[in-house]
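# Report on the structure
Spelled out, the chains give:
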Amino acid sequence: KNSKYYNYYIWLDEKPENPNEDIIFGHHQDGNWEYDNEARQYFYHTFYKHQADLNMTNPEVQEEIRYILHFWLKLGIAGFRMDAVPHMIRNKGNAKFKGSPFQFIRDIRSFVEDLRKDAILLAEVDTEPEKYEEFFGKGDQVQMLFNFYLNNYIFLALARKSAEPIVRALSKLPQTSLKEQMGTFIRNHDELDLERLTDDERNEVYTAFAPDETMRIYGRGIRRRLAPMLKNNRHRLELAYSLLFSLPGTPIMRYGDELGMGEDLTLPERNSVRTTMQWSNEKHGGFSAFGGQELPVPTIGEGEFGFQSVNAYDQMRNPNSLVNWFERVISARKECMEFGWGDYEIIKTNNPAVLAHCSKWKNGLAVAIHNFSDSECIVELELRENQSEHLIEYFADQQYEAFE
């Protein structure tokens, strides 16, 4: 209580009798209120008990946050990932915002832009898609949101080998303006959170990609990387990441996925997907020159996904490697600006396993076609007459004859 930072947190003399519990980590987290022996009070934590929530309603906390933002922006940081924003602006205990809690986000946006015009606020907002616009505001809040909703349905589509889940998810998402973007991703550094799916849909994804209970976490997610989930099938991996670079939004990659890195399920909880980057086949995967046997952060050293088999150095030298395939995908994405800037629409096909969509920007049109099934197929695309002129196969695997 004597610390000058005491009021930075949320305290109560007594634990609420009927607390509005918001348990994030299931049985790993025993409620949201924890007793502190030194302060002789209860403090609030949305996440683990060693992660006490800051009192965002306190002007001193907001000032301290601006100070930290200023420090990093002056060092040249290009933007910030804002963690769990819906929880950040939620009233907790006796800490309540005066007026709209979104004013706090608007103030941060304004402060950041004053220091660096091109700095980005990328917010983690895992909520219903109809609420996304609340966080974009009127072009005065965050510029980007992680697209958790679409991510859920990408995995349902991969599990079912059907395009329907993605079509359904896209129909629920708002069309963004040029000043805001959804951040599309396949995997991140947490669990694959499948909270937006129904119980039956989630079980479908579990059956396909996490058949063992040890692969699951928090009663809602999967603690694996994509390559082992897809049994290291190169065609399936290319399908997933081709989707990433052509679906609406800005593609977001996680380190090591460009190599096809795996996970270590012997590590607890989310740590299974937080192993070191595998740079080479040298000791510790080239991540560190430390002479000891073990690093504080584990390295995958054995098996199909060990650093001896999967590393950046070897793949950079192999023109047919996954990392060099990614370079070609990134180049194609940069050339086809329609995918990043344009408005999109679904194109009907005569096969439920095939997703076709186009993005239009200025006078350009980009079409992406993905087959979720295990076999080759022929489809017809319902393109309007003005959409089918001068079509060029851009990301080709062979030379194609011109067609009408």
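One can find the structure itself at the top, above this paragraph.
Anyway, here's the lowdown on the structure attached to this text. Keep in mind it's a predicted model, so treat the numbers as computed, not measured. (Residues numbered from 1 in each chain as written. Predicted model: local features only at pLDDT ≥ 70, side-chain atom pairs only at ≥ 80, totals over all residues. Heavy atoms only, no water.)

## Concerning the overall build of the protein chain
Filter applied, for reference: Working definition: helices are DSSP H or I runs of at least four residues, strands are E runs of at least two. Numbering for both runs from the N terminus. We take the radius of gyration over the C-alpha atoms and set the globule estimate at 2.2 Å times the residue count to the 0.38 power. Per-residue accessibility, obtained with a 1.4 Å probe over protein chains only, is compared with the maximum for each type, and a residue is labelled buried under 20%, exposed over 50%, and partly exposed between these values. Residues are treated as being in contact if the distance between any of their heavy atoms lies within 4.5 Å. In these tables, accessible area is a Shrake-Rupley quantity obtained with a 1.4 Å probe, and a residue counts as shielded only by the protein chains included in the view.
If you tally the helices and strands in the protein chain, you get 12 helices and 14 strands. Its C-alpha atoms give the protein chain a radius of gyration of 23 Å, within 12% of the compact-globule value 22 Å for 404 residues. Among the 404 residues that make up the protein chain, the fraction classed as buried is 47%. Taking the contacts inside the protein chain whose residues are at least 6 apart along the sequence as the reference set, 60% of them involve residues at least 24 apart. A total accessible area of about 22,200 Å² is found for the protein chain, and carbon and sulfur atoms account for 49% of it.

## Observations regarding the packing of helix H5 (residues 148–160) against helix H7 (residues 199–209)
Operational definition: Angles here are taken between N-to-C directions and fall from 0 to 180 degrees, while the axes themselves are lines fitted to C-alpha atoms, restricted in helices to the stretch in contact. Here the word oblique covers every angle except those under 35 degrees (roughly parallel), over 145 (roughly antiparallel) and from 65 to 115 (roughly perpendicular). Throughout, a crossing is termed right-handed when the near helix is turned clockwise from the far one, and left-handed when it is turned anticlockwise from it by less than a right angle. Charged residues are taken to be Asp, Glu, Lys and Arg, nonpolar residues to be Ala, Val, Leu, Ile, Met, Phe, Trp, Tyr, Cys and Pro, and polar residues to be all remaining types, Gly included.
Interaxial distance between H5 and H7 falls to 9 Å at its minimum, and their mutual angle equals 60°. Relative to H7, the element H5 lies oblique. Here H5 runs over H7; the crossing is left-handed. Contact residues: H5 offers Tyr153, Phe155, Leu156, Leu158, Ala159 and Arg160, while H7 offers Glu201, Glu204, Val205, Ala208 and Phe209. Class assignment for the residues of the contact of H5 with H7 results in 8 nonpolar, no polar and 3 charged.

## As for the packing of aromatic side chains
Between two aromatic rings, the relevant description is the distance of the centres plus the angle of the planes. Short version of the rule: We call Phe, Tyr and Trp rings a pair once their centres come within 6.5 Å, taking the six-membered ring for Trp, and we label the pair stacked below 30 degrees between planes, edge-to-face above 60, and tilted otherwise. Sitting over a ring, as applied to charges here, requires NZ of Lys or CZ of Arg to be within 6 Å of the ring centre and within 35 degrees of the ring normal.
The full count for this structure, using the stated rule, is 16 aromatic pairs. A centroid spacing of 5.3 Å and a plane angle of 75° characterise the contact between phenylalanine 102 and phenylalanine 135, whose relative ring orientation is edge-to-face. Here the residue phenylalanine 102 occupies a position in helix H3 (residues 102–115), and phenylalanine 135 occupies one in helix H4 (residues 132–136), the gap between them amounting to 33 residues. Residue phenylalanine 102 shares its accessibility class with phenylalanine 135, and that shared class is buried. Between tryptophan 325 and phenylalanine 326, the ring centres sit 5.3 Å apart and the planes meet at 80°, which makes this aromatic pair edge-to-face. With respect to class, tryptophan 325 is no different from phenylalanine 326; both count as buried. Three or more aromatic residues joined by ring pairs form one cluster here, namely Tyr241, Phe245, Trp325 and Phe326. Positioned over the ring face of tyrosine 255 is arginine 225, at 4.9 Å from the centre of the ring.

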